[in-house]
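Listed below, chain by chain, are the residues.
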Amino acid sequence: MSDGHQVHTHLVGVEDAGVPHEVDAVVVGAGFAGVYALHRLRTLGLTVQVLEAGSDIGGTWYHNRYPGARCDIESLDYSYSFDDDLQQEWHWTERYAAQPELLRYIRHVADRYDLWRDIRLDSRVDAATFDEASSRWTVRTEHGEVFSARFCILATGVLSVAQVPDIAGLESFQGQWFHTGDWPHEGVDASGKRVGVIGTGSSATQLVPVVAEQAGHLTVFQRTANFVMPAQNHPMIEQVEREWKAEYPERRAKARVSGFGHNQLSNPKRAMEVSPEERRREFELRWQLGGLYMMRAFSDILVDPVANEECAEFVRGKIREIVADPEVAELLSPRGFHFGTKRLCSGTDYYETFNRENVTLVDVRTAPIERITPTGLRTTAAEYDLDVLIFATGFDAMTGSMLKIDIRGLDGRTLREKWAHGPRSYLGVAPAGFPNLFIVAGPGSPSVFSNMVNSIEQHVEWIAALIEHAALRGARRVEATEEAEQAWIDHVNEAAGRTLYVRSPNSWYFGANTPGKPRVFMPYVGGVGTYRHLADDVAAKDYEGFLIS
Ligand code: NAP
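Criteria and cut-off values
Residues numbered from 1 in each chain as written. Predicted model: local features only at pLDDT ≥ 70, side-chain atom pairs only at ≥ 80, totals over all residues. Heavy atoms only, no water. Helix = DSSP H or I, 4+ residues; strand = E, 2+ residues; numbered from the N terminus. Buried < 20%, exposed > 50% of the residue type's maximum accessible area, 1.4 Å probe, protein only. Disulfide = S-S within 2.5 Å. Pairing = 2+ DSSP bridges. Axes fitted to C-alpha atoms, helices over the stretch in contact; angles between N-to-C directions. Near = heavy atom within 4 Å. Polar contact = N/O pair within 3.5 Å; in protein donor to acceptor, adjacent residues only side chain to side chain. Lys, Arg positive; Asp, Glu negative; His and termini not counted. Salt bridge = Lys/Arg side-chain N within 4 Å of Asp/Glu carboxyl O. Contact = heavy atoms within 4.5 Å. pLDDT = per-residue confidence, 0-100. Core = buried A, V, L, I, M, F, W, Y, C linked by side-chain atoms within 4.5 Å. Phe/Tyr/Trp six-rings, centres within 6.5 Å; stacked < 30°, edge-to-face > 60°. Lys NZ or Arg CZ within 6 Å of the ring centre and 35° of its normal.

Brief notes about unusual backbone geometry
- With phi around 55°, Q232 is a residue other than glycine that occupies positive phi space.
- As for its placement among the helices and strands, Q232 is situated in the loop between β10 (228-230) and α7 (238-246).
- A residue is classified by how much of its surface remains accessible, and Q232, at 28% relative accessible area, is partly exposed.
- The backbone phi angle of L427 is positive, close to 60°, even though this residue is not glycine.
- Tracing the chain through its elements places L427 in the loop between α14 (415-418) and β18 (437-439).
- On the basis of relative accessible area, L427 is assigned to the buried category, the value being 2%.

What about the state of the cysteines?
- Going through the model one piece at a time under the given rule, you end up with 0 disulfides.
- Between C71, a free cysteine, and C345, which holds the nearest cysteine sulfur, the sulfur-to-sulfur gap is 14 Å.

Here's the deal with the sheet that holds strand β7 (residues 176-179)
- Strands sit in the order β7-β16-β8-β9-β12 across an open sheet of 5 strands; the sheet is parallel. What marks the edges here is a single partner per strand, and that holds for β7 and β12 (359-363). Across the sheet, the mean angle separating the axes of adjacent strands is 20° when strand polarity is ignored.
- Bridge analysis of strand β9 (residues 217-222) against β12 gives 5 bridges, and the strand direction is parallel. Bridge pairing in β12 places L218 opposite V359.

Thoughts on the site of the ligand
- By nearness alone, 23 residues border the ligand, and R70, T200, S203, R223 and T224 come closest of all.
- Note that a nitrogen atom of the ligand is positioned 2.8 Å from one of the backbone N or O atoms of R70.
- Here an oxygen atom of the ligand and a backbone polar atom of T200 are 2.9 Å apart.
- The element that contributes the greatest number of residues to the shell around the ligand is helix α6 (residues 202-214), accounting for 3 residues.

Details of the side chain of R65
- Within the fold, R65 resides in the loop between α3 (60-63) and α4 (84-89).
- The charged side chain of R65 is buried without a salt bridge, its nearest counter-charge being D56 at 6.0 Å.
- Not counting residues within four places of it along the chain, the set of residues in contact with R65 comprises Q99, L103, T180, W183, P184 and H185.

A short note on the sheet that holds strand β15 (residues 383-385)
- Sheet architecture is open: 3 strands sit in the order β13-β14-β15, paired in antiparallel fashion. Unpaired on one side and paired on the other, β13 (369-373) and β15 mark the two borders of the sheet. Along the sheet, successive strands turn relative to each other by an average axial angle of 20°, direction set aside.
- Where β13 lies against strand β14 (residues 376-379), 4 bridges are found, and the strand directions are antiparallel. Note on β14: the bridge partner recorded for T373 is G376.

With respect to the confidence of the model for the chain
- Per-residue confidence for the chain averages 95 on the pLDDT scale, and 97% of its residues sit at or above 70.
- For residues 1-16, every residue scores under 50 in pLDDT, and the model assigns this stretch 27 contacts once sequence neighbours within four places are set aside.

Digging into the nonpolar core
- In this structure, F32, Y80, L218, F339, F438, W462 and F546 are the most contacted members of the largest nonpolar core, which totals 136 residues.
- A total of 10 residues in this core trace back to one element, the largest contributor, which is helix α15 (residues 452-472).
- By size, the runner-up hydrophobic cluster in this structure holds 22 residues, among which are V26, L51, V125 and L415.

A word on the packing of aromatic side chains
- Scanning the model with the defined rule gives 38 aromatic pairs in all.
- Between Y426 and F546, the aromatic rings sit 5.1 Å apart at their centres with planes inclined by 45°, giving tilted as the arrangement. Taken together, the residues span a long stretch of sequence, with Y426 in the loop between α14 and β18 and F546 in strand β20 (residues 546-548) at a distance of 120 residues.
- Through pairs of rings, three or more aromatic residues link up here, namely F32, Y36, W61, Y78, Y80, F82, W90, W92, Y105 and Y113.
- Over the ring of W244 we find R251, and its NZ or CZ is 4.0 Å from the ring centre.
- Of note, K342 hangs over the ring of F337, and the distance from its end group to the ring centre comes to 5.8 Å.

Quick notes on the pattern of salt bridges
- Under the counting rule described, the total for this entry stands at 33 salt bridges.
- For the salt bridge of E370 with R378, the shortest nitrogen-to-oxygen distance reads 3.2 Å.
- Under the relative-accessibility criterion, R378 is labelled partly exposed at 27%.
- With a shortest N-O distance of 3.0 Å, D537 and K541 are connected by a salt bridge.
- Relative accessible area serves as the criterion here: at 31%, D537 is assigned to the partly exposed category.
- The exposure class assigned to K541 is partly exposed, which follows from its relative accessible area of 44%.
- Residues joined by salt bridges that share partners form a network here, namely R42, D114, R117 and D118.

Structure below.
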C-alpha cells in the first residue's frame, strides 16, 4: 500500500472502544462489491463505513496473489460499468488481467471516487446484532470497535475463507507451507526446491505451470482431474480495445441480460442436432477462443448428458494429444462428473507442464494422502520429500465468510441457526428474520455463475434503490417475508433441477468440499438476465415480498 493510502485510512476515526460510531450503513468487505456499495450509497447521501479484514482493499484480488493468479473473464468485461469515463480511461494490458493489475485497478477506483476515507482496513467484523427497538445494527470488529448502522451490507465474498484440509502431521512439517488463497506478500522462493501442490482446481491449474518453471522438482497431488481450457491469454490488442470501448454501451447492455453476465458468444444450437463435423468444428473454435467459451459451445451442454459427454470427450482427446505419456494423459482426463459441473478451469500450458522432466503427477484418489511428515508427505503408496507444500485446496465457499461472523437478527436468532441446513434468503439478497441486512452476490443469486463484477453492480444498484425507496417512505425497517423467501428457494432449486449440476453433487457449489457442511446447491443457475428481470419485477411491484415499515 502506498503511504498516501495509509494516511487516508488512518484518518478514519472511531470513537473510543465500546462507544458506537453512528452511520447510515456499514458495509462489510472492501472487494469489488464493498467498494462499489460505498460509492453507490454515498451518492444517495448516506454516511457509510466500510470495514475490511485485510490490510488493503481488493478482497479476492488482495489475498489470492499466488504465481499465475489471473481472472478468467476478459478484462474488458470484468470491470465496472457504472461510469463511462472510468471504463474509457482505464487501459487493460492483457486479455485476462493478472492479479497485480486487478489490484491496481480497484485501488485506482478508490482514489478516483475518494473512497479511502470511509474504508477502515485491518478491521475484521466478528459480530453484528439487530436491535428491534431502534431498528439498527450494532456491528463490532475483533478489536472492539463498535458501529451503529441502519443498514448492514455483507460484501464478504463467496470464495474468501481459505480451507486447509485436516491432514494429520501438518504441524510436524519442517519445510514451508502455504495456501493459495492466503499467499504471503513477500512471495515464495521455490527456485531449485522440491515443491508439492495439493489440489487441481482453478488455483492449482494457474499456479502449477509457473511454479514448475522455478522448482527443482514439482509433485502435483491430484484427487480429481478437472477440465482445464487453454486461457489463450495475450497482451491487449489495441484494435480490440478500441472497438470494444466504442461499443461499450451495447456490450454492457448485452452482458446485463445474458446468461452469464458477459459478452462471450453463445451458440443457440443443440449439440446433437448438428453433424459430428459441425460439432467438432464448434468445440475446436471454442478451444481456440479459450477460457470459459466452451461452456456455451451448444445450448444444451449443461442440460443434455449426451451433449455434455461429447464435449467432455473432445477435451479428453486434446489432453491425449498434448500429454506425451499416455498413462499421465489418462490420469489427467476427468471422469465421473459432467463437464462444467465442477467449475471449469482456465490455464496456460497446464497439460503441457506434465511433459516436463521435473514434474510428477500423483494420483491421491487411489492412494490417498495418509499424513504429512517432518520431511514431506506420505500417501498409502509412497513417501515424497518436500521443501515447500502448497495447498490449492479451495475455500469454505459461498457461506463461509458470513457464517464466521456472529450475526443475530430478530429474537436473537443467529444466521448460523437459520442456515443450519443451507443458505436461505429472498432473491439471494435478504434473509427473512434479518431486517435491514443485505447480501451482495451471495448464495441464491447468480454470483459464481456469472461475471462477478456484473452481478455485483446489479445487486448493489438494486439494494441501493430499495434503501432509497424505504427512505422516501420514511420507513426504518425493510425485511423479506418467510413466504417470499420460500418461493425464491423453490425457484432456485427448480432452476438447478433442470441442469446436470444436480447430477454431479461433488463440488463446492454444493458445499461438498467442506466437512460437515449441508449438501445444498447454493448459487442461482437461472441466468443473469432472468435474475435481473425477476428482481426488477419485484421492485416494480413496490418490492413485493418485503415488509417496509
Ligand atoms: P477448488 O476448486 O475447490 O479446488 C480444490 C482442489 O483441492 C480440488 O482439486 C480438490 O480435490 C483438492 N483437495 C481438497 N482437499 C483435498 C485433500 N484433502 N486431498 C487431496 N486433494 C484435495 O479450489 P480453487 O482451485 O482454489 O478454486 C476455487 C474457486 O475459486 C474456483 O472454482 C473459481 O470459482 C475461483 N477461482 C477463479 C480463478 C479465476 O478466475 N481464474 C482462479 C482461482 C480460483 P477434489 O476435487 O477431489 O475435492
